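Listed here are the chains, written in short residue letters.
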Amino acid sequence: DVQLQASGGGLVQPGGSLRLSCAASGFTFEEHAVGWFRQAPGKEREGVSCTVMRDGGTDYADSVKGRFSISIDSINNAVYLQMNSLKPEDTAVYYCAAVWGDDDCHEMDYWGKGTQVTVSS
């Protein structure tokens, strides 16, 4: 029973911070690429951040670079997205996803339910 679940979203004012969590069950993130994606109303889903577990490499969308950081908790089999200096345009449903054996987050096999992030004053 493979499951992936994102959590930690909420309402935050511009300039605030949130930390999203992605917990996996039924598999481990080892030898996976794990990524965060988001979809805002009326917009296509976009990649936010990606990490390749086997080498620790990370990548970020230009729109979040310097503000967001992806990290790994191997013991608890979880991946996090720390989001700082949040902007209204960051408002979206955020999803975590994983794929085995890839070195990027272009084609993901496992998707979790999203968590809503709303940035508003």
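Structure first, text after, so check above.
The structure reproduced in this document is the subject of the present report.

**Regarding the nonpolar core**
Right, so step 1: By size, the foremost hydrophobic cluster in this structure holds 29 residues, and its most contacted members are Leu4, Phe29, Trp36, Phe68, Leu81, Met83 and Tyr94.
Right, so step 2: Listing elements by their share of this core, those giving two or more residues are strand S1 (3–7), strand S3 (18–25), strand S4 (32–39), strand S7 (68–73), strand S8 (78–83), strand S9 (92–100) and strand S11 (115–119).
Right, so step 3: Contact partners of leucine 4, with chain neighbours within four places excluded, come to Cys22, Ala23, Ala24, Phe27, Phe29, Cys96, Ala97, Ala98, Tyr110, Trp111, Gly112 and Lys113.

**Points about the layout of surface pockets**
Right, so step 1: Taken as a whole, the largest pocket holds about 210 Å³ of empty space.
Right, so step 2: If you trace the largest pocket, you find 17 residues lining it, with Ser49, Cys50, Asp59, Cys105 and His106 closest to the centre.
Right, so step 3: Residue assignment for the lining of the largest pocket shows that the elements contributing at least two residues are S4, strand S5 (46–52) and strand S6 (57–60).
Right, so step 4: Tallied by class, residues from the lining of the largest pocket come to 8 nonpolar, 6 polar and 3 charged.

**Re the environment of asparagine 76**
Right, so step 1: Looking at the element boundaries, asparagine 76 is found in the loop between S7 and S8.
Right, so step 2: Note on asparagine 76: relative accessible area 54%, which makes it exposed.
Right, so step 3: Sequence separation between asparagine 76 and valine 34 is 42 residues; the distance between their C-alpha atoms is 15 Å.

**Topic: the state of the cysteines**
Right, so step 1: One pass over the full model with this rule turns up 2 disulfides.
Right, so step 2: In this model, cysteine 22 is linked to cysteine 96 through a disulfide, with the two sulfur atoms separated by 2.1 Å. Disulfide cysteine 22 to cysteine 96: torsion about the S-S bond roughly 70°, handedness right-handed. Highlighted residues: cysteine 22 in strand S3 and cysteine 96 in strand S9, separated in sequence by 74 residues.

**Observations regarding empty space enclosed by the protein**
Right, so step 1: Taken as a whole and assessed by the stated rule, the structure comprises 1 cavity of 30 Å³ or more.
Right, so step 2: Here the largest cavity is characterised by a volume of approximately 30 Å³.
Right, so step 3: Split by residue class, the lining of the largest cavity holds 2 nonpolar, 2 polar and 5 charged.

**Points about the side chain of arginine 38**
Right, so step 1: Summarising the element assignment, arginine 38 is placed in strand S4.
Right, so step 2: A polar atom in the side chain of arginine 38 sits 2.9 Å from the side chain of aspartate 90.
Right, so step 3: Within the structure, arginine 38 has its side chain in polar contact with the side chain of tyrosine 94 (distance 2.8 Å).
Right, so step 4: If near-sequence neighbours (up to four positions away) are discounted, arginine 38 is found in contact with Glu44, Arg45, Glu46, Val48, Ser63, Val64, Phe68, Glu89, Asp90, Ala92, Val93 and Tyr94.

**Topic: the sheet that holds S3**
Right, so step 1: Spatially, S1-S3-S8-S7 is the arrangement adopted by the 4 strands of the open sheet, whose pairing is antiparallel. Two strands lie at the open edges of the sheet, namely S1 and S7, each paired on one side alone. Here the strands of the sheet are splayed against their neighbours by 15° on average, with no regard to which way each runs.
Right, so step 2: In this structure, S3 lies alongside S8, joined through 6 bridges in antiparallel fashion. In the strand pairing of S8, leucine 20 is matched with leucine 81.

**Some points on the pairing of S4**
Right, so step 1: Among the 8 residues that make up S4, 7 are buried, leaving the element largely enclosed by the rest of the structure.
Right, so step 2: In this structure, S4 lies alongside S9, joined through 8 bridges in antiparallel fashion. The partner of alanine 33 across the bridge, within S9, is valine 99.
Right, so step 3: Here S4 hands over to S5 after 6 residues, with glycine 42 in that stretch at a positive phi of 75°.

Conventions used here
Residues numbered from 1 in each chain as written. Predicted model: local features only at pLDDT ≥ 70, side-chain atom pairs only at ≥ 80, totals over all residues. Heavy atoms only, no water. Core = buried A, V, L, I, M, F, W, Y, C linked by side-chain atoms within 4.5 Å. Buried < 20%, exposed > 50% of the residue type's maximum accessible area, 1.4 Å probe, protein only. Helix = DSSP H or I, 4+ residues; strand = E, 2+ residues; numbered from the N terminus. Contact = heavy atoms within 4.5 Å. 1 Å grid on protein atoms, 1.4 Å probe; cavity = no way out; pocket = protein on both sides within 12 Å on 5 of 7 lines; lining within 4 Å. Points joined across faces, edges and corners; volume = space filled by probe spheres on them. Nonpolar A, V, L, I, M, F, W, Y, C, P; charged D, E, K, R; others polar. Disulfide = S-S within 2.5 Å. Polar contact = N/O pair within 3.5 Å; in protein donor to acceptor, adjacent residues only side chain to side chain. Pairing = 2+ DSSP bridges. Axes fitted to C-alpha atoms, helices over the stretch in contact; angles between N-to-C directions.

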